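Summary of the model geometry
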Amino acid sequence: MSAWDVRYARQFAEQLVELPDTIYDRVEGSIDILASNPGLARRYDPQYEAARPPVSCRSYPVPKTTKIIYLVTDEEKRELTMLFLGDAREDPRRRFDRMTI
């Protein structure tokens, strides 16, 4: 089966270009993996309301980094939209304060 199409939300693209090369490469590698295996991203359902993003999404922790990819999947279109690049070190109650839709 072929890989899914991948789109970057503007904010995600802006976050991506600000990363150091090593982290950038790991995030891009994770996106390649997700395009072929979208089921690896898990539904993001935090335990408390303050940690909920403004849109229902999935998450995928980038190996060997503190980064977390937040994305939306569209099974009908076979498309992944990378929404936001979070950091596991952030306060989860404030993680999405700077997320734009």
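Considerations on the nonpolar core
Counting 16 residues, the largest nonpolar core has Phe12, Val27, Leu34, Ile69, Leu71 and Met82 as the members making the most contacts within it. Counting only elements with at least two residues in this core, the list comes to α1 (10–17), α2 (21–36), β4 (67–74) and β5 (79–87). At 4 residues, the largest contribution of residues to this core is made by α2. Not counting the four nearest positions on each side in its chain, Met82 is found in contact with Val6, Arg7, Tyr8, Ala9, Phe12, Ile31, Ile69, Tyr70 and Leu71. Within the second largest apolar cluster, 9 residues are counted, among which are Ala51, Ile68, Phe84 and Phe96.

Some thoughts on the side chain of Lys67
Looking at where Lys67 falls in the secondary structure, it is placed in strand β4. Its relative accessible area of 18% is what places Lys67 among the buried residues. Within the structure, Lys67 has its side chain in polar contact with the side chain of Asp87 (distance 3.2 Å). When residues no more than four places from it in sequence are discounted, the contact partners of Lys67 are Leu19, Ile23, Val27, Tyr60, Pro61, Val62, Leu85, Gly86 and Asp87.

Structural notes on the pattern of salt bridges
For the structure on display, the rule yields 9 salt bridges. A salt bridge links Asp87 to Arg89, with the nearest nitrogen and oxygen atoms 2.8 Å apart. Judged by its relative accessible area of 66%, Arg89 falls in the exposed class. Between Glu90 and Arg95 there is a salt bridge whose closest N-O contact spans 3.6 Å. Exposure remark for Arg95: the relative accessible area of 7% places this residue in the buried category. Connected through salt bridges with shared partners, the residues Arg43, Asp45, Glu49 and Arg52 form a single ionic network.

Some remarks on the packing of aromatic side chains
Scanning the entire structure with this criterion turns up 6 aromatic pairs. With centroids separated by 5.7 Å and ring planes inclined at 65 degrees, the aromatic side chains of Tyr44 and Phe96 adopt a geometry described as edge-to-face. One end of the pair, Tyr44, is in the loop between β2 (42–43) and β3 (58–61); the other, Phe96, is in the segment after β5, with 52 residues separating them in the sequence. Phe96 gets classed as buried once you look at its relative accessible area, which sits at 7%. Geometrically, the ring pair formed by Tyr70 and Phe96 is edge-to-face, given 5.0 Å between the ring centres and 80 degrees between the ring planes. Note that Tyr70 is positioned in strand β4 and Phe96 in the segment after β5, a separation of 26 residues in sequence. Exposure class is identical for Tyr70 and Phe96. Each is buried.

Focus: α2
With 16 residues, α2 ought to run about 22 Å at 1.5 Å a step, and its terminal C-alpha atoms sit 23 Å apart, in line with that. Regarding α2, the residues found buried are Ile23, Val27, Glu28, Ser30, Ile31, Leu34 and Ala35. Angularly, the buried residues of α2 cover 155 degrees about the axis, an arc narrow enough to put them on a single face. Across from the buried face of α2, at angles greater than 90 degrees, the exposed residues are Asp21, Asp25 and Asp32. Taken together, the buried residues of α2 touch β1 (5–8), α1, β3, β4 and β5.

Scoring rules and cut-offs
Residues numbered from 1 in each chain as written. Predicted model: local features only at pLDDT ≥ 70, side-chain atom pairs only at ≥ 80, totals over all residues. Heavy atoms only, no water. Core = buried A, V, L, I, M, F, W, Y, C linked by side-chain atoms within 4.5 Å. Buried < 20%, exposed > 50% of the residue type's maximum accessible area, 1.4 Å probe, protein only. Helix = DSSP H or I, 4+ residues; strand = E, 2+ residues; numbered from the N terminus. Contact = heavy atoms within 4.5 Å. Polar contact = N/O pair within 3.5 Å; in protein donor to acceptor, adjacent residues only side chain to side chain. Salt bridge = Lys/Arg side-chain N within 4 Å of Asp/Glu carboxyl O. Phe/Tyr/Trp six-rings, centres within 6.5 Å; stacked < 30°, edge-to-face > 60°. Expected span 1.5 Å × (residues − 1). Arc of directions from axis to C-beta.

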